[in-house]
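Next come the chains, spelled out residue by residue.
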Number of protein chains: 2
Amino acid sequence: MNEKNQLARPFALPVPTIRRYPVYLRCINEMIAAGETHISSAVVAERLGLDPVLARKDLAMAGVPGKPRRGYPAAELQAAITAALGWDDSTNAVLVGVGSLGNALLGYSGFKEQNLSIAAAFDASPRIVGRTMHGVRVHPMEDLPRLVKRLKTRLGIITVPNAAGQSCADRLVAAGIRGIWNFTSVRLAVPDGVIVQNVDLAQSLAVLSHAISGRH
Amino acid sequence: MNEKNQLARPFALPVPTIRRYPVYLRCINEMIAAGETHISSAVVAERLGLDPVLARKDLAMAGVPGKPRRGYPAAELQAAITAALGWDDSTNAVLVGVGSLGNALLGYSGFKEQNLSIAAAFDASPRIVGRTMHGVRVHPMEDLPRLVKRLKTRLGIITVPNAAGQSCADRLVAAGIRGIWNFTSVRLAVPDGVIVQNVDLAQSLAVLSHAISGRH
DNA sequence: TAAATATCGCTATTGACATACCGATATAAA
DNA sequence: TTTATATCGGTATGTCAATAGCGATATTTA
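Residues numbered from 1 in each chain as written. Chains lettered and ligands numbered in written order. Predicted model: local features only at pLDDT ≥ 70, side-chain atom pairs only at ≥ 80, totals over all residues. Heavy atoms only, no water.

Asker: Even after reading the chapter, I still don't get the protein's contact with DNA strand D, so can you show me in this structure?
Answerer: Among the 24 residues in the neighbourhood of DNA strand D, the closest are listed as Arg20 of chain A together with Ser41, Arg56, Arg69 and Tyr72 of chain B. Atoms of DNA strand D within 4 Å of the protein: sugar and phosphate make up 71%, bases the balance. Contact distances for DNA strand D include 2.9 Å between a base oxygen and a side-chain N or O atom of Arg69 of chain B. Within the side chain of Tyr72 of chain B, a nitrogen or oxygen atom sits 2.7 Å from a phosphate oxygen of DNA strand D. At the level of secondary structure, the elements contributing two or more residues to the surface near DNA strand D comprise helix 2 (15-33) and helix 4 (52-60) of chain A together with helix 4 (52-60) of chain B. (Near = heavy atom within 4 Å. Polar contact = N/O pair within 3.5 Å; in protein donor to acceptor, adjacent residues only side chain to side chain. Helix = DSSP H or I, 4+ residues; strand = E, 2+ residues; numbered from the N terminus.)

The structure is reproduced here in structure tokens:
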């Protein structure tokens with residue numbers, strides 16, 4: 001029973017756990033930088049303000065055996081979580097739609113931590129095509145299939161206006177993309193096997209404004 | 001039993017429902033623009049690709065009585081959802097941290113739909129203070145408490161580097177802010193009564209990269 | 001060497017949301 | 001006027017994640 005956990009994980013990680021992993025990872029990195037060799041789930045929980053039991057379960061799911069009274073081996077835990085997130089290998093992405101938001105993402109330096117690099121950008125406007133923004137060349141939409149295949153890109157980022165969202169998704173899927181990071185407000189229809197992750201600012205703002213409006 | 005629903009809602013709306021409301025609202029707006037006077041939950045569900053039962057329950061929670069075989073009265077449903085989201089009154093917000101992401105948000109035109117306007121921006125860098133970005137003046141951090149009080153702002157947007165996130169939150173809370181839209185990766189510690197909504201790109205990317213890395 | 005203790009790891013319970021089912025009713029057609 | 005039907009409204013069930021509790025074990029200390 002115990003060995004199975006270490007060798008192969010037959011069960012999938014819960015999505016909420018995966019969403020918390022980047023937070024843990026940042027905390028673990030800080031502790032390693034501070035010279036720690038072992039990570040205690042209780043310490044992590046306290047630093048992050050989380051329930052100790054939750055942190056313990058999340059860290060345990062990484063599959064690294066921990067030792068009582070010491071915690072988890074820091075380097076191994078860090079490597080396991082990084083691998084679970086798919087951040088150990090560098091990932092090439094393409095970005096479609098170089099408006100203000102797309103431009104901001106091109107200039108965002110935080111993606112280095114996730115080994116993510118935006119290899120190419122695309123836009124429909126001839127006024128932007130050909131320019132280089134934050135070191136990334138902007139190509140015409142016609143070049144998308146060819147470049148996606150050449151760069152072996154599996155991840156596409158959509159930062160176009162809502163009206164163009166679905167057609168962009170279709171082009172990316174046709175080009176062989178496996179995951180879409182969707183910054184538009186439209187629900188994208190994609191075939192099975194293609195993962196869509198939505199970053200809808202309106203949804204996020206909804207919870208906030210509902211709460212501070214004070215009517216409930 | 002039925003009357004209670006219309007007058008006062010003793011139960012809170014589920015957060016997932018609130019998060020879906022902007023999507024419904026956009027769909028309803030489109031249908032009204034197309035001349036519809038009644039909104040059927042089944043039609044909405046099909047247009048959005050959602051489970052019909054889920055859409056029916058969500059729309060029912062708005063508190064507007066619907067009629068069998070017709071659906072919900074379009075204008076009333078639109079008004080009720082808009083009110084539930086707190087988007088009927090215009091909201092003033094302040095933005096802290098005019099980097100690439102902050103700048104993108106200042107230039108984002110989509111907030112009109114939510115009656116949200118960014119009234120002032122703040123930054124610590126003297127190179128940016130005093131400039132006007134997308135029609136919004138950038139003030140020094142020292143002016144934050146005074147301006148927040150004068151503008152009666154309840155919502156603060158944090159787009160600073162991670163290291164400065166907590167201190168910004170503290171300043172906003174001290175100035176009387178009630179809700180924080182947090183675009184940094186740090187978990188903000190705030191007193192009870194202050195709502196924080198996180199837009200952590202790393203968390204969102206985590207689910208994507210885990211899925212397309214293919215190890216599960 | 002032996003006892004005390006902190007931490008891991010497993011199992012059970014709780015709670016919330018999504019889903020399924022069924023009755024009630026207003027509209028439309030015959 | 002009567003029947004058929006589509007949609008709303010409420011109740012019940014299932015599923016998944018968060019929480020709680022408890023036993024196992026390695027380290028520390030006396």
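Asker: Is there a simple way to explain the packing of aromatic side chains in this structure?
Answerer: By the definition in use, this model includes 8 aromatic pairs over all chains. Taking the centre distance of 4.8 Å and the plane angle of 85° together, the rings of Tyr108 of chain B and Phe111 of chain B count as edge-to-face. Given a relative accessible area of 4%, Phe111 of chain B falls into the buried group. Here the aromatic cluster, defined as three or more aromatic residues joined through ring pairs, consists of Tyr108, Phe111, Trp181 and Phe183 of chain A. (Phe/Tyr/Trp six-rings, centres within 6.5 Å; stacked < 30°, edge-to-face > 60°. Buried < 20%, exposed > 50% of the residue type's maximum accessible area, 1.4 Å probe, protein only.)

Asker: Honestly, the sheet that holds strand 3 (residues 91-96) of chain B in this entry has me stumped. Any pointers?
Answerer: Note: strands within a sheet are paired through backbone hydrogen bonds, in either parallel or antiparallel orientation. Residues and elements named next belong to chain B. The strand order across the open sheet formed by 7 strands is 5-6-4-3-7-8-9, and the pairing between neighbours is mixed. Taken across any chain shown, the strands that pair with only one partner, and hence form the sheet edges, are strand 5 (132-133) and strand 9 (195-198). Of the strand pairs in this sheet, strand 5 and strand 6 (residues 136-140) are connected by 2 bridges, and their pairing is antiparallel. Following the sheet pairing, Met133 is matched in strand 6 by Val136. Against the sheet, helix 8 (residues 165-175) engages strand 3, strand 7 (155-158) and strand 8 (179-182), with an angle of about 165° to strand 7. (Pairing = 2+ DSSP bridges. Contact = heavy atoms within 4.5 Å. Axes fitted to C-alpha atoms, helices over the stretch in contact; angles between N-to-C directions.)

Asker: Before we go on, may I ask you to explain helix 8 of chain B in this structure?
Answerer: Counting along an α-helix, one turn takes 3.6 residues, and residues three or four places apart therefore face a common direction. Residues and elements named next belong to chain B. Within helix 8 the residues assigned to the buried category are Gly165, Cys168, Ala169, Leu172 and Ala175. Along the axis of helix 8, the buried positions cluster into a sector of 125°, meaning they face one direction only. Summarising the contacts, the buried residues of helix 8 are in contact with strand 3, helix 7 (144-151), strand 7 and strand 8. Immediately downstream of helix 8, the backbone of Gly176 shows phi near 105°, a positive value. (Arc of directions from axis to C-beta.)

What is shown is where atoms sit, not what they do.
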